[in-house]
Amino acid sequence: MRMKRVMPALILLILLVMAVVWKLFQDDGNPGEKDQEDVQRIKLLACYEMKEQQDILVEIAREYSDLKNGIQVEVEFIDREDLKKEICLGVDKGEQPDLVLCGGMEMAGLMGMGVLENVEEKLAEEVKSHLLYPELMQSVMSGGNYYSLPFSLDPYVMFSNSKYIEETAEMRLESWEEVLEICGRIDGNGVNGVGFGVKHTSGAAELFRSVIYTYGGNFYNLSEESGILALTLFDTLKKRGDVNKNVINCTGKDMAREFAREKVIFLIAPVSVKVWLDQNDQAPEYQISPIPGAVKEGLVLGGDNLGFCQGAGREAVMFGEYLYTGKIRKRLLVSMGTLPLFSGEEEVLEEKAIQRLNQAFVERGTRLEAYYAWFEISDVLSTYFYDILAKKNVDLSAMAVSLQDEMRVAIMSYSQ
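Here is what the cut-offs are and how they apply
- Residues numbered from 1 in each chain as written.
- Predicted model: local features only at pLDDT ≥ 70, side-chain atom pairs only at ≥ 80, totals over all residues.
- Heavy atoms only, no water.
- Helix = DSSP H or I, 4+ residues; strand = E, 2+ residues; numbered from the N terminus.
- Polar contact = N/O pair within 3.5 Å; in protein donor to acceptor, adjacent residues only side chain to side chain.
- Contact = heavy atoms within 4.5 Å.
- Pairing = 2+ DSSP bridges.
- Axes fitted to C-alpha atoms, helices over the stretch in contact; angles between N-to-C directions.
- Buried < 20%, exposed > 50% of the residue type's maximum accessible area, 1.4 Å probe, protein only.
- Salt bridge = Lys/Arg side-chain N within 4 Å of Asp/Glu carboxyl O.
- 1 Å grid on protein atoms, 1.4 Å probe; cavity = no way out; pocket = protein on both sides within 12 Å on 5 of 7 lines; lining within 4 Å.
- Points joined across faces, edges and corners; volume = space filled by probe spheres on them.
- Nonpolar A, V, L, I, M, F, W, Y, C, P; charged D, E, K, R; others polar.
- Parallel < 35°, antiparallel > 145°, perpendicular 65-115°, else oblique.
- Patch = residues over 30% accessible without salt bridge, like charges linked within 9 Å, V, L, I, M, F, W, Y side chains within 5 Å.
- Areas by Shrake-Rupley, 256 points an atom, 1.4 Å probe, with all protein chains shown as cover.
- Lys, Arg positive; Asp, Glu negative; His and termini not counted.
- Charge placed at Lys NZ, Arg CZ, Asp CG, Glu CD.
- Disulfide = S-S within 2.5 Å.

Chemist: What is the right way to read the side chain of Asn161 from this model?
Modeler: Its place among the elements puts Asn161 in strand β8 (residues 156-161). Polar side-chain contacts of Asn161 include one of 3.1 Å to the side chain of Glu262. The contacts of Asn161, once residues within four sequence positions are left out, are Phe259, Glu262, Ile265, Pro284 and Glu285.

Next comes the structure, spelled out in structure tokens:
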């Protein structure tokens, strides 16, 4: 009798215990589920290929996420070639990133697509006030608003294998004639004089426009003498065997490996490649100088910009502000191997060669015009560039006229 009264109570107790255990199991099986629902995610899309650059961005994003309760910064890296497509797909799906980090010319292309949010005036003015190159802000301005911010100074420069040039720290190759003269003395099998990675259309176009500038040309006079001379230079490098036509299939990092293996003597690449070379035990001793000049010096400013996509909230802006704090800026500068962009950053430069290079850009660096039609422009320029490097016989005069016509169409498509 007594047992009959105890059994229902015991069964009820067992059921209660099982319910509690089940609840605890559910909570343990989905750790932080409720907390994750409250987390605000910020997505940064970045066009970086080198691991050293990727690592520092991920590290800073994690630190910021730990610092800000309820904020999670996620960094996604993407091939430069896929940037436009990825942004368009994101817009169509309503899943575009909050921030995008890419080349300044590509950022102008995103401006032309109308996918960027104007930068808060306070932040834009703060960044501008500390820039060593205030003119860079003109490339990201439209209708009185800024649509991105200069993020790094990463111009194209020339890395030279020290064994093939005079052994002096003051040596600086200033013209293509000097480079061609040294290339003519190379007698090693499988060794090319000059290398550059132009697999990405944007990279090929940036290199091409930098060289065109040194001959006194621009996108509006490609069919004139200055444009033809620039085309002739690359045709000459090909005909002499100073450049391997396989460069059209190589990225900057691919060609940096060739330089490290001493398969090329001169490497034309963004200065940030220095970080990768310095961590490569096989890399030869090298010197750095501006890309060779002709009528003008090869001191063309270039680098990455940070933009805010439409719909980015206040938290994304706050992370953007964090990336421009002095301490973070210096960490980025050292880890990415770029040149100082803001006053006060010069103190982190330790090598005299880099100090001299930096001073040359500060004193005489030139900003080239940015175009909303950059994606179309880079497609056109890279196509002709590849033809010069891959085809045996090229009518340069006819090519220059055709190139000029296509360039005008591309530019005008965003001017109407």
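Chemist: For this particular structure, what's the right way to read the sheet that holds strand β9 (residues 192-195)?
Modeler: Strand order in this open sheet of four strands is β9-β10-β8-β11, and the pairing throughout is mixed. Among the strands making up the open sheet, the edge pair consists of β9 and β11 (286-290). Geometrically, the sheet is characterised by an average inter-axis angle of 20 degrees between neighbouring strands, direction not taken into account.

Chemist: Got a minute to help me understand unusual backbone geometry in this structure?
Modeler: Of all residues except glycine, most have a negative phi; of all peptide bonds, most are trans. In the Ramachandran plot, Glu262 falls in the positive-phi region, its phi being about 60 degrees despite a non-glycine side chain. Within the secondary structure layout, Glu262 lies in the loop between α10 (252-260) and β10 (264-270). On the accessibility criterion, Glu262 (25% relative accessible area) is partly exposed.

Chemist: Got a minute to help me understand the pattern of salt bridges in this structure?
Modeler: Side-chain pairs of opposite charge can arise whenever the charged atoms involved come near each other. Enumeration according to the criterion identifies 24 salt bridges in this entry. Put simply, Arg185 and Glu181 hold a salt bridge, and the shortest N to O gap is 2.6 Å. Judged by its relative accessible area of 45%, Glu181 is partly exposed. Glu351 serves as the salt-bridge partner of Lys274, at 2.5 Å between the closest nitrogen and oxygen. With Lys274 in helix α11 (residues 273-278) and Glu351 in the loop between α13 (326-336) and α14 (352-364), this residue pair connects regions lying 77 residues apart in the sequence. Given the relative accessible area of 10%, Lys274 is considered buried. Several salt bridges converge on common partners, so that one network encompasses Glu59, Glu63 and Arg331.

Chemist: I'm lost on helix α12 (residues 314-323) in this one. Help?
Modeler: An α-helix turns once every 3.6 residues. As a result, residues three or four positions apart point the same way. Within the sequence span of α12, burial applies to Ala316, Val317, Phe319, Gly320, Tyr322 and Leu323. Check the buried side of α12 and you find it contacts β1 (40-46), α3 (51-67), β2 (71-77), β3 (99-103), β12 (304-309) and α13.

Chemist: Is there a simple way to explain empty space enclosed by the protein in this structure?
Modeler: Here the idea is plain: a probe the size of a water molecule rolls over the atoms and shows the empty space left. Going through the model one piece at a time under the given rule, you end up with two cavities of 30 Å³ or more. The computed volume of the largest cavity comes to approximately 210 Å³. For the largest cavity, the lining is made up of 17 residues, of which Gly104, Leu136, Gly302, Gly303 and Asn305 are closest to its centre. Elements that contribute at least two residues to the lining of the largest cavity include exactly α5 (104-113), α8 (201-214) and β12. Considering only residue class, the lining of the largest cavity consists of seven nonpolar, six polar and four charged.

Chemist: Is there a simple way to think about the packing of α8 against helix α15 (residues 374-390) in this case?
Modeler: Two measures define how a pair of helices packs: the angle their axes make with one another and the distance between the axes. Running from N to C, α8 and α15 cross one another at 75 degrees; their axes reach a closest spacing of 8 Å. Judged on the interaxial angle alone, α15 and α8 are roughly perpendicular. In this structure, α8 contributes Thr201, Ser202, Ala204, Ala205, Glu206, Leu207, Phe208 and Arg209 to the contact, and α15 contributes Trp374, Ser378, Asp379, Leu381, Ser382, Phe385 and Tyr386. When grouped by side-chain class, the residues that make up the contact of α8 with α15 number eight nonpolar, four polar and three charged.

Chemist: Is there a simple way to explain the layout of surface pockets in this structure?
Modeler: Taken as a whole, the largest pocket spans an internal volume of roughly 640 Å³. If you list the elements that add at least two residues to the lining of the largest pocket, you get β3, α5, α8, α10 and β10. Residues of the lining of the largest pocket, tallied by class, amount to 15 nonpolar, 12 polar and 10 charged.

Chemist: Mind showing me how you'd approach a negative patch on the surface here?
Modeler: Residues Glu49, Asp79, Glu81, Asp82 and Asp379 make up a contiguous surface patch of negative charge. Locating Glu81 in the fold gives a position in the loop between β2 and α4 (83-93).

Chemist: Quick question: what am I supposed to make of the state of the cysteines here?
Modeler: A disulfide bridge is the covalent bond that connects two cysteines by way of their sulfur atoms. Under the defined criterion, the tally for this structure stands at zero disulfides. Note on Cys47: no disulfide assigned, nearest cysteine sulfur contributed by Cys102 at a separation of 5.4 Å. By relative accessible area, Cys47 is classed as buried at 9%.

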